[in-house]
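A look at the structure
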Amino acid sequence: MRLLLVEDDVMVASGIKLGLSNAGYTVDWVGSAERAEQAVDKDSFDLAIVDIGLPGIDGLALTQRLRGRGLTMPVLILTARDALHDRVQGLDLGADDYMLKPFELPELLARLRALLRRSQAATSAVLGLGPLEMDTAQRRVTLAGQPMDLGPREWTVLEYLLLQAPKPAAKDKLLAALTGWDKEITPNAIEVYVSRLRAKLEPAGVALRSIRGFGYRLELVAPPAHAREP
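I will try to describe carefully the structure that is included in this document. (Residues numbered from 1 in each chain as written. Predicted model: local features only at pLDDT ≥ 70, side-chain atom pairs only at ≥ 80, totals over all residues. Heavy atoms only, no water.)

With respect to the packing of aromatic side chains
For the structure shown, the criterion picks out zero aromatic pairs. The residue whose ring lies beneath R139 is W155, and the NZ or CZ to ring-centre distance is 4.0 Å. (Phe/Tyr/Trp six-rings, centres within 6.5 Å; stacked < 30°, edge-to-face > 60°. Lys NZ or Arg CZ within 6 Å of the ring centre and 35° of its normal.)

Encoded structure:
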């Protein structure tokens with residue numbers, strides 16, 4: 001999942017970005033509302049984290065502008081203002097949730113997971129398809145009851161596929177979820193991670209289908225005869 005962090009405090013932004021990156025998210029950071037608008041013009045994001053106290057155009061006005069552009073990605077506002085009016089105003093202007101500073105990283109991660117699930121119409125931290133189960137809170141994946149060993153980018157691809165299932169996932173959306181401004185991944189690199197996942201999933205009856213000209217979809221199929229119980 002690719003997140004946009006809008007925070008003008010370098011130390012705060014660095015800490016948040018590090019924590020989110022370690023949790024498996026791709027995070028792009030900007031320090032002003034103006035740069036945030038440039039970012040959403042150029043790239044696609046799954047969620048935005050917006051500090052209210054930005055220089056110039058503040059986070060409340062930015063949230064209103066994002067909604068005015070028709071962007072539906074979840075917006076989580078950060079604020080040091082412990083005032084009911086500010087929180088209500090932020091929600092009324094289009095924010096989906098808010099957090100008061102200072103906050104603990106585990107709570108931020110939990111709120112992000114909830115917002116992302118809601119945006120994808122998922123209702124639980126546990127995503128699944130047949131024998132495949134992903135616990136996004138515990139960062140654990142099992143296939144037919146056995147743990148799966150996944151690299152960070154394999155995890156990101158599989159999470160996105162599960163969030164979309166049974167609908168297909170667009171290849172460009174997968175690429176955006178993996179790509180940040182500080183590291184470029186070519187479209188062909190997606191094929192590498194898909195191939196690795198396919199090799200791990202298909203023996204248990206979970207197919208990763210390629211949809212020509214669009215992307216990929218997870219489907220349940222009968223496992224190969226040699227993989228079935230006698």
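What follows continues from the structure just given.
Let's talk about the sheet that holds strand β12 (residues 215–220)
With antiparallel pairing, three strands are arranged side by side in an open sheet as β10-β12-β11. Because the sheet does not close on itself, it has two edges, and the strands there are β10 (169–170) and β11 (206–211). Relative to β12, β11 runs antiparallel, the two being bridged by six bridges. Within β12, the position partnered with L208 by the bridge is L218. Running over the sheet, helix α8 (residues 187–201) touches β11 and β12 and is turned about 150° from β11. (Pairing = 2+ DSSP bridges. Helix = DSSP H or I, 4+ residues; strand = E, 2+ residues; numbered from the N terminus. Contact = heavy atoms within 4.5 Å. Axes fitted to C-alpha atoms, helices over the stretch in contact; angles between N-to-C directions.)

Structural notes on helix α2 (residues 33–42)
Along α2, the residues classified as buried are A33, A36, E37, A39 and V40. Buried residues in α2, looked at end-on, bunch into an arc of 160°, giving them a common side. Exposed residues pointing more than 90 degrees away from the buried face of α2 are listed as Q38, D41 and K42. Where the residues of α2 are buried, they touch β1 (2–6), β2 (26–30) and α3 (59–68). (Buried < 20%, exposed > 50% of the residue type's maximum accessible area, 1.4 Å probe, protein only. Arc of directions from axis to C-beta.)

A look at the pairing of strand β4 (residues 75–79)
In terms of burial, β4 is largely enclosed, as five of its five residues are buried. Neither face of β4 is open: one carries V75, I77 and T79, the other L76 and L78, and all of them are buried. Here four bridges tie strand β3 (residues 47–51) to β4, and the two strands are oriented parallel to one another. Bridge pairing in β4 places A48 opposite V75.

Here we look at the layout of surface pockets
For the largest pocket, the calculated volume is near 280 Å³. Residue lining of the largest pocket: 14 residues in total, with S44, F45, T72, M73 and K173 positioned closest to the centre. Partitioning the lining of the largest pocket into residue classes produces six nonpolar, five polar and three charged. (1 Å grid on protein atoms, 1.4 Å probe; cavity = no way out; pocket = protein on both sides within 12 Å on 5 of 7 lines; lining within 4 Å. Points joined across faces, edges and corners; volume = space filled by probe spheres on them. Nonpolar A, V, L, I, M, F, W, Y, C, P; charged D, E, K, R; others polar.)

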